[in-house]
Amino acid sequence: MRLLNDYRRIVSDEVISDIYKKARKLYGKRIIHINSTYMGGGVAEILSGFVPLMNDAGVDMGWRILHGNPDFFNITKKFHNALQGDAINLTEIKKRLYVEANEYFSTYTHITHDCVIIHDPQPLPLIQFYKKRQPWVWRCHVDLSHPDNGLWNFLKGFILRYDIAIISNKKYKKIDLPIEQRIIFPVINPLSPKNMDLNEKDISKYLKKFKVPTDKPLLTQISRFDKWKDPIGVIEVFKLVRKEVDCRLVLCGSMAADDPEGIRIHERVVQRANNLIENGDVILITSENSILVNALQRSSAVIIQKSLREGFGLTVTEALWKERPVVASNVGGISLQIKDGQGGFLVDPADTKGFADRIIELMRNPDLGKDMGKQGRETVRNNFLITRLVSDYLDLLNDILK
Ligand code: UDP
C-alpha cells in the first residue's frame, strides 16, 4: 500500500509536509465516502488511491458502496445520461425505485461519522433517511451544464439538504442551486498500477497476453463502452486515418458494474467495425486490467478521447502523465488539461476529419508527439496528482468541520 512518503519521488517535500500540517486539526475526525461501485470508472479509480492516503495523513476516512439491483442501475444510468443532456421519461416508478434503493441501504448502513461525502446521483437521496448530525457533501463528477430540467428539479430536492456541493469545473456551476459549490479538479495516482512506471519487458508481456500486436503504430481510446465516449465516432476517425497511415486501433473498455448500457454499445461497435476486427486492425478489449491500460497508454503512438461530453476525463490525464500526445474533443474537463498544441490537440467532437488530420500529423511526426507529451506530463505534475486532491479535501474538511 502506498504512503505519502512514497510520493516524495514525484512531488516536493513541501507538498508532503503541507499535507501533514493541514491534517493536524482533523485528528480523531471520522469521514465516510459513499458511491455506487468499487471498480470501473473514474470515481472508484480516484477513491481507491485517495482514501488510504487520507488515513496515512491521520484522518479516519472510510468508503462504502451503495448496493443497487439491476433496475436501480438502469434508472441511475438514465439519470446520468439525462444530466448530460438526454431526454428522460421521468416516471413515478423510476423515482420510487431510485429513492427506495437508498432507503433500503440506509436501514443497514449506520452513519455516526463527522462528515459524509456522497458521490454522484446514485446515493444522493440517502441524506433523507438519516437524522442529520454532521455536514453532508455532494461530490458531483458529472458535467451538469445541460441537464434535463425535470430531472434536475427532482434531484435538486435532495441536493438542497446538503451543506456543500463539489463540482469538477466552473462551467458546471448551477446558478439556481443556492448552496456553496466548490470546484475540485479530479486527479490521478502516479503510483497506482495504472500509472506507475513500467519497463519494456512488462509492457510487451501485457500486450502479448491481451493479443495486441505492436508491428504497426497504435491509436488507442481507453473508455467504457458508453455513447458519450463515442466509440462509433472513433471507428469513423480510424477509417480515415487508416487511408493515410498503416496503424491499428485499440478500443479498451471494461464494463463497469453500475453501467448496464455497455453491452449494447459494444455490440454496435462490433457491427460497425466488423471487417476491421476480422483483419486485426481494430482490437476490442473488455477486460478490466489496470496494468494493461498502463501498457496500452505507454505503447500508443497517439491516444484519442472522442467524448461528446466529459466530466473531467481521467483517461486524458493518465495519457498525458505517460507523455503521450492526446487528440481529444474540446468538451468538459478535457480543455482544463490540454491547450490546443500543448499536450495534444483539441478538436470539435463533430469534426471527424479534424480528428483524423491531427492523428495523421502526429503519426507522421513522432518528434512532435514527444514534445507535446513532455508538456503534458508537467501539466499533470503541477495540477492533477493525488497529493493535490488530499490537500484540497483537507482544506474542505478544515472549513466545514471548524
Ligand atoms: N478505465 C479502465 N479500463 C477501461 C476503461 C476505463 O481502467 O477499460 C479507467 C480509466 O483508465 C480511467 C477511468 O476508468 O481511470 C475512467 O475515468 P474517466 O474520467 O476517463 O471517465 P468515466 O468512466 O468516469 O466517465
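The structure we're discussing is the one just above.
Residues numbered from 1 in each chain as written. Predicted model: local features only at pLDDT ≥ 70, side-chain atom pairs only at ≥ 80, totals over all residues. Heavy atoms only, no water.

> How should I be thinking about the pairing of strand E8 (residues 248–252) in this particular structure?
The two faces of the sheet receive side chains in turn, since in a regular strand these alternate between them. E8 sits mainly inside the fold: five of its five residues count as buried. Across the two faces of E8 the burial is the same, with Arg248, Val250 and Cys252 and Leu249 and Leu251 all buried. Where strand E7 (residues 218–222) lies against E8, five bridges are found, and the strand directions are parallel. By the bridge assignment for E8, Leu218 is matched with Arg248. In this view, the connection linking E7 to its parallel neighbour E8 by way of helix H7 (residues 231–244) has right-handed handedness. Relative to strand E9 (residues 282–285), E8 runs parallel, the two being bridged by four bridges. Along E9, the bridge assignment pairs Leu251 with Leu284. (Buried < 20%, exposed > 50% of the residue type's maximum accessible area, 1.4 Å probe, protein only. Helix = DSSP H or I, 4+ residues; strand = E, 2+ residues; numbered from the N terminus. Pairing = 2+ DSSP bridges. Right-handed = clockwise from strand over helix to strand, strands pointing away.)

> Teacher, can you tell me more about the packing of H7 against helix H8 (residues 262–272) here?
How two helices sit against one another is set out by the angle between their axes and by the gap between those axes. At a minimum axis separation of 9 Å, H7 and H8 run at an interaxial angle of 20°. In terms of their interaxial angle, H7 and H8 are classed as roughly parallel. Every pair of crossing elements has a handedness; the one defined by H7 and H8 is right-handed. Where H7 approaches H8, its residues Pro231, Ile232, Ile235, Glu236 and Lys239 are matched on the opposing element by Ile265, Arg268, Val269 and Arg272. (Axes fitted to C-alpha atoms, helices over the stretch in contact; angles between N-to-C directions. Parallel < 35°, antiparallel > 145°, perpendicular 65-115°, else oblique. Left-handed = near helix turned anticlockwise from the far one by under 90°. Contact = heavy atoms within 4.5 Å.)

> Got a minute to help me understand the packing of aromatic side chains in this structure?
Between two aromatic rings, the relevant description is the distance of the centres plus the angle of the planes. For the coordinates displayed, the defined rule picks out 14 aromatic pairs. Ring geometry for Trp136 and Tyr162: centres 6.1 Å apart, planes at 80°, overall edge-to-face. Placement of the pair is Trp136 in strand E4 (residues 136–139) and Tyr162 in the loop between helix H5 (149–159) and strand E5 (164–167), with a sequence separation of 26 residues. For Tyr162, a relative accessible area of 3% puts it in the buried group. (Phe/Tyr/Trp six-rings, centres within 6.5 Å; stacked < 30°, edge-to-face > 60°.)

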